[in-house]
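So the chains spell out like this:
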There are 2 protein chains.
Amino acid sequence: MYGEIITIGDELISGRVVDLNAWYAAGRLTATGLRVIRVTSVGDDQESISKVLQKALKDSQFVIITGGLGSTDDDMTNEIAASALNRPLCLDEEMFEQIKDYVALRGLKMSRAFEKMAWMPEDAKILCPKENVCGFSLVEDRVRLYFLPGVPEQMRYLMDEIVIPDLLLQCTSLPTVRHRVLKLYGLNEPSIAEMLSDLPEKSANIILGFYPRFPENHITLSLRGDDQLSVAGELDGMEREIRSRLGSFIFATGDQSMEGVVGEMLLQKKLTLSVAESCTGGLIGNLLTNVPGSSGYFLGGVIVYSNQAKMDLLGVSKQALDAYGAVSDPIAREMAAGVRRELKADVGLAVTGIAGPEGGTKEKPVGTVYIGLAFKDKTFSGKYRFWGKREQNKMNSAVMALDWVRRVLNENPFLPGL
Amino acid sequence: MYGEIITIGDELISGRVVDLNAWYAAGRLTATGLRVIRVTSVGDDQESISKVLQKALKDSQFVIITGGLGSTDDDMTNEIAASALNRPLCLDEEMFEQIKDYVALRGLKMSRAFEKMAWMPEDAKILCPKENVCGFSLVEDRVRLYFLPGVPEQMRYLMDEIVIPDLLLQCTSLPTVRHRVLKLYGLNEPSIAEMLSDLPEKSANIILGFYPRFPENHITLSLRGDDQLSVAGELDGMEREIRSRLGSFIFATGDQSMEGVVGEMLLQKKLTLSVAESCTGGLIGNLLTNVPGSSGYFLGGVIVYSNQAKMDLLGVSKQALDAYGAVSDPIAREMAAGVRRELKADVGLAVTGIAGPEGGTKEKPVGTVYIGLAFKDKTFSGKYRFWGKREQNKMNSAVMALDWVRRVLNENPFLPGL
């Protein structure tokens, strides 16, 4: 079964409000195995709403419409739907009783604005007779139309409790839909495309999607089928093929984040981590501490934004600073060793670089970043060149630094410095 | 002039991703005085894209299309547009050169995936010949079509720098639309509504909008008119009325951020800042260093996630930790004084609290946060209770801490601790 979503409101087409109702409805329908073919937003005007409704009756088997059911003058969906579908507007007694109860309970006064909500297109069926929520359904030319309020909580409630179950009743059998996400860091999109260019065609039913989610890249595998087991098996096979090509660049699946993966590894191996941040300015610590329970492995660190702070807090030597500059391999290593020592941690991680937009030189342009890592009896460092704006360079530096921890603890090969 | 927005991507109609591109484009077009009549999202398939393009050619004067311009196999907008508009796909030499430069500069290898991006419908004009950004425009039956990438940063850049100016060239006269944003911190929405309930009606043409932008609240003032001067004057009057009611809670206007405002004040007063972060884990440093030039006043700080680190790095006393616990007024003050001393800064700022979800007690539930500030001969501290999830509590703590710096430097009254 396939259908579409129509969201109504001037606030949507003027960009004042993000259309989270369309997003929610699309997600719930898709997760149920129903197919969404289109999402359309139009303003609160008769002509646009009529047009899009009539088009939907031609193209879809079901239509979810949200918005314009309230009591203010710009709420006109009931009238417009009635006129677009050539049905008279009738007073729904059940809805009217419900509104009267609501008004009485709250000691309010009945008004035209309240009554207005009870006038609906002929043969409309209230979605939720017991709750104080607008919303009705209609069947026109075998197309099921669901009119929901634009208030997100009410819309979501009706979507979950009424619309989805009602649609499922119409389906004799729904396919199984399975969805996987593989998260990559350290490869650009064209390289990923190239490395996957020889994927076997045998799983032609699997839809692959590629999504840059700065600074990560995500690959999605989606498959519909009738049998849960064979769907899972086919996805397993494809995931193996992708993993054999992209190897250690895949750092997580599903909802996991880089900082979550690194945290889990540290916890499992009973290791503690400390960070020395220069150009990232606290971002690595911030990411790490977004993970609940991170105090179990993250001891803290220092933000050493000035040379003085690097010397005072980490014991970085003035000679090395003078000889190599703050953005250099030796300083990254001294910072990593210093923060490990000062915080008595198992792993010391350091970043020093030029985030931009100022501060670049010919030898060390904006985006030049050194990462240092002290673990066991070794201290590593490496140079990278990022190409973004200030915040992007900070983010890439932070995630690359965390990826170093992941690779060292996994005994994975390192990413080549650039 | 009126037009529409088409966003392309399976991730949009399946609800995996919120359509922020449509929201951004709609907002920018509307703010410019152009009218958006419809927003449509369709999946990555030939039929849907063709249909919606052809409908747009009938209904609109301009069309913004985003998505499907990348290098992977699911990026098919170029081909589909060519076929829907009956134009052959041609290799654009300028774009191809640009891609070759990009590949060479980064030491990558030219591949089919890269080359693909240079094939465009006949007579397409590249939007941005100098930057590494896909995107082209076409004119078909006097309708202007702009094809933009789905990557939000690139899409926004092209929208602002190329598409809007190009559309404005086509308009003979547009009404003046002026838009102001006042940013507030420390008041909830119902309180703001209450405090503004007696605003004078005289500026009835001004549309006021209220938008929670966690943890801030934004008030927008919008006015359309033919005369620039009188529009500005009316807005000035309304802004004065609002400021007289909300006073020091308004921390910024327009594009300014809390960290930007604080940075400017420090720079102007030639003061330096250092931070000691416990529950915020580096977030304050991260926010401060998102501002270009922040090294001019931000010296750095420490992330002291463990009690040991608080003692080792800041000289916080064991007795105080034992007596009051790490989340307490005395510790917030010791941290602030300690980080000011260790980093030789003018201002020392500290946060210690319980971000959650674990770690709360009856006396100190999740969301309990102490802020400390050392400046001149005084050390302040104060207690707050935030009610969000972990990341929200971190963000509220960080912004409240920065707001303390703003209020102290402004000699504003403090926010009451809760």
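Residues numbered from 1 in each chain as written. Chains lettered and ligands numbered in written order. Predicted model: local features only at pLDDT ≥ 70, side-chain atom pairs only at ≥ 80, totals over all residues.

## Considering the overall build of chain A
Reasoning step 1: Summing up its helical and strand segments, chain A has 15 helices and 17 strands in all.
Reasoning step 2: Over its C-alpha trace chain A gives a radius of gyration of 29 Å, far above what one expects of a compact globule, namely 22 Å for 418 residues.
Reasoning step 3: Principal-axis analysis of the C-alpha atoms places the extent of chain A at approximately 85 × 55 × 40 Å.
Reasoning step 4: Here chain A holds 418 residues, and 44% of them are scored as buried. (Helix = DSSP H or I, 4+ residues; strand = E, 2+ residues; numbered from the N terminus. Rg over C-alpha atoms; globule rule 2.2 N^0.38 Å. Buried ≥ 20, exposed ≤ 12 C-beta atoms within 10 Å, placed from the backbone.)

## Observations concerning the interface of chain B and chain A
Reasoning step 1: On the chain A side, the residues contacting the 62 residues of chain B number 60 residues.
Reasoning step 2: For the side of chain B that touches chain A, the per-class residue count stands at 28 nonpolar, 23 polar and eleven charged. (Contact = placed C-beta atoms within 7 Å. Nonpolar A, V, L, I, M, F, W, Y, C, P; charged D, E, K, R; others polar.)

## What about helix 2 (residues 20-32) of chain A?
Reasoning step 1: With 13 residues, helix 2 of chain A should cover 18 Å at 1.5 Å per step; its first-to-last C-alpha distance of 18 Å lies within 8% of that length.
Reasoning step 2: If you check which residues of helix 2 of chain A are buried, you get Asn-21, Ala-22, Trp-23, Ala-25, Ala-26 and Leu-29 of chain A.
Reasoning step 3: In this structure, the buried side of helix 2 of chain A is in contact with strand 1 (2-8), strand 2 (35-42), strand 3 (62-66) and helix 7 (152-170) of chain A together with helix 1 (10-13) of chain B. (Expected span 1.5 Å × (residues − 1).)

## Thoughts on the domain arrangement of chain A
Reasoning step 1: Here chain A is partitioned into domain 1 (2-170), domain 2 (176-253) and domain 3 (258-410).
Reasoning step 2: Just the C-alpha atoms count here: the centres of domain 1 of chain A and domain 2 of chain A sit 37 Å apart. (Domains from an automatic or database assignment.)

## Digging into unusual backbone geometry
Reasoning step 1: Put simply, Phe-214 of chain A and Pro-215 of chain A share a cis peptide bond, and its omega is 0 degrees.
Reasoning step 2: When you line up the elements, Pro-215 of chain A lands in the loop between strand 10 (207-213) and strand 11 (216-225).
Reasoning step 3: The phi angle at Asn-86 of chain B is positive, at roughly 55 degrees, despite the residue not being glycine.
Reasoning step 4: Tracing the backbone shows Asn-86 of chain B in the loop between helix 4 (77-84) and strand 4 (89-91).
Reasoning step 5: Residue Asn-86 of chain B is classed as exposed on the basis of its 9 C-beta neighbours within 10 Å.
Reasoning step 6: Within the chain, Asp-141 of chain B stands out as a residue other than glycine whose phi angle is a positive 50 degrees.

## As for the confidence of the model for chain A
Reasoning step 1: Confidence in the prediction of chain A, expressed as mean pLDDT, is 90, and 96% of residues score 70 or more.
Reasoning step 2: Note on the complex model: pTM 0.77, ipTM 0.78. (pLDDT = per-residue confidence, 0-100.)

## Brief notes about the sheet that holds strand 7 (residues 136-140) of chain A
Reasoning step 1: In space, the twelve strands of this open sheet follow the order 6(A)-7(A)-8(A)-3(A)-1(A)-2(A)-2(B)-1(B)-3(B)-8(B)-7(B)-6(B), with mixed pairing throughout. A single partner strand is all that each edge strand has here, and the edge strands are strand 6 (125-126) of chain A together with strand 6 (125-126) of chain B.
Reasoning step 2: Relative to strand 8 (residues 143-148) of chain A, strand 3 of chain A runs parallel, the two sharing five bridges. Looking across to strand 8 of chain A, one finds that Phe-62 of chain A is bridged to Arg-144 of chain A.
Reasoning step 3: In the packing of helix 7 (residues 152-170) of chain B onto the sheet, the strands contacted are strand 3 (62-66) and strand 8 (143-148) of chain B, and the crossing angle to strand 8 of chain B comes to about 165 degrees. (Pairing = 2+ DSSP bridges. Axes fitted to C-alpha atoms, helices over the stretch in contact; angles between N-to-C directions.)

## Quick look at the packing of helix 2 of chain A against helix 7 of chain A
Residue and element names in this part refer to chain A.
Reasoning step 1: Contact geometry for helix 2 and helix 7: axes closest at 11 Å, N-to-C directions at 25 degrees. Judged on the interaxial angle alone, helix 7 and helix 2 are roughly parallel. Considering the relative orientation of helix 2 and helix 7, their crossing is right-handed. In contact with Leu-20, Asn-21, Tyr-24, Ala-25, Arg-28 and Thr-32 of helix 2, helix 7 contributes Pro-152, Met-155, Arg-156, Met-159, Asp-160, Ile-164 and Leu-168. (Parallel < 35°, antiparallel > 145°, perpendicular 65-115°, else oblique. Left-handed = near helix turned anticlockwise from the far one by under 90°.)

## Regarding the pairing of strand 10 (residues 207-213) of chain B
Residue and element names in this part refer to chain B.
Reasoning step 1: Where strand 10 and strand 11 (residues 216-225) come together, seven bridges link them in antiparallel fashion. The partner of Arg-213 across the bridge, within strand 11, is Glu-216.
Reasoning step 2: Taken together, strand 10 and the strand that follows it, strand 11, pair antiparallel across an intervening segment of two residues.

## Remarks on the sheet that holds strand 12 (residues 250-253) of chain B
Remark on secondary structure: sheet strands pair via backbone hydrogen bonds, oriented parallel or antiparallel.
All names here are of chain B.
Reasoning step 1: An order of 10-11-9-12 is seen for the four strands of this open sheet, with the pairing classed as antiparallel. Each edge of the open sheet carries a strand with a single partner, namely strand 10 and strand 12. Neighbour-to-neighbour, the strand axes of this sheet turn through a mean angle of 25 degrees, independent of strand direction.

## Observations regarding the pairing of strand 7 of chain A
Residue and element names in this part refer to chain A.
Reasoning step 1: Pairing of strand 6 with strand 7 involves two bridges; the strand directions are antiparallel. What sits directly across from Ile-126, in strand 7, is Phe-136.
Reasoning step 2: Relative to strand 8, strand 7 runs antiparallel, the two sharing five bridges. Note that in strand 8 the partner of Leu-138 across the bridge is Leu-145.
Reasoning step 3: Two successive antiparallel strands, strand 7 and strand 8, enclose a turn made up of two residues, where Asp-141 displays a positive phi of approximately 50 degrees.

## Structural notes on the environment of Phe-214 of chain A
Residue and element names in this part refer to chain A.
Reasoning step 1: Tracing the sequence through the fold places Phe-214 in the loop between strand 10 and strand 11.
Reasoning step 2: On the neighbour-count criterion, Phe-214 (14 C-beta atoms within 10 Å) is partly exposed.
Reasoning step 3: Note: C-alpha distance between Phe-214 and Arg-243 (29 residues apart in sequence) is 21 Å.

## Brief notes about helix 4 of chain B
Residue and element names in this part refer to chain B.
Reasoning step 1: When we look at burial in helix 4, the residues that qualify are Thr-77, Asn-78, Ile-80 and Ala-81.
Reasoning step 2: On the buried face of helix 4, the contacting elements are strand 1 (2-8), helix 3 (46-59), strand 3, strand 4, strand 5 (119-121) and strand 8.
Reasoning step 3: Looking one or two places after helix 4, you find Asn-86, whose phi comes out positive at around 55 degrees.

## Side note on the environment of Gly-135 of chain B
Residues and elements named next belong to chain B.
Reasoning step 1: Its place among the elements puts Gly-135 in the loop between strand 6 and strand 7 (136-140).
Reasoning step 2: Residue classification places Gly-135 among the buried residues on the basis of 26 C-beta atoms within 10 Å.
Reasoning step 3: In sequence terms Gly-135 and Leu-223 are 88 residues apart; their C-alpha atoms lie 33 Å from each other.
Reasoning step 4: With near-sequence residues (within four places) excluded, Gly-135 lies in contact with Leu-69, Leu-127, Cys-128, Phe-147, Leu-148, Pro-149 and Leu-158.

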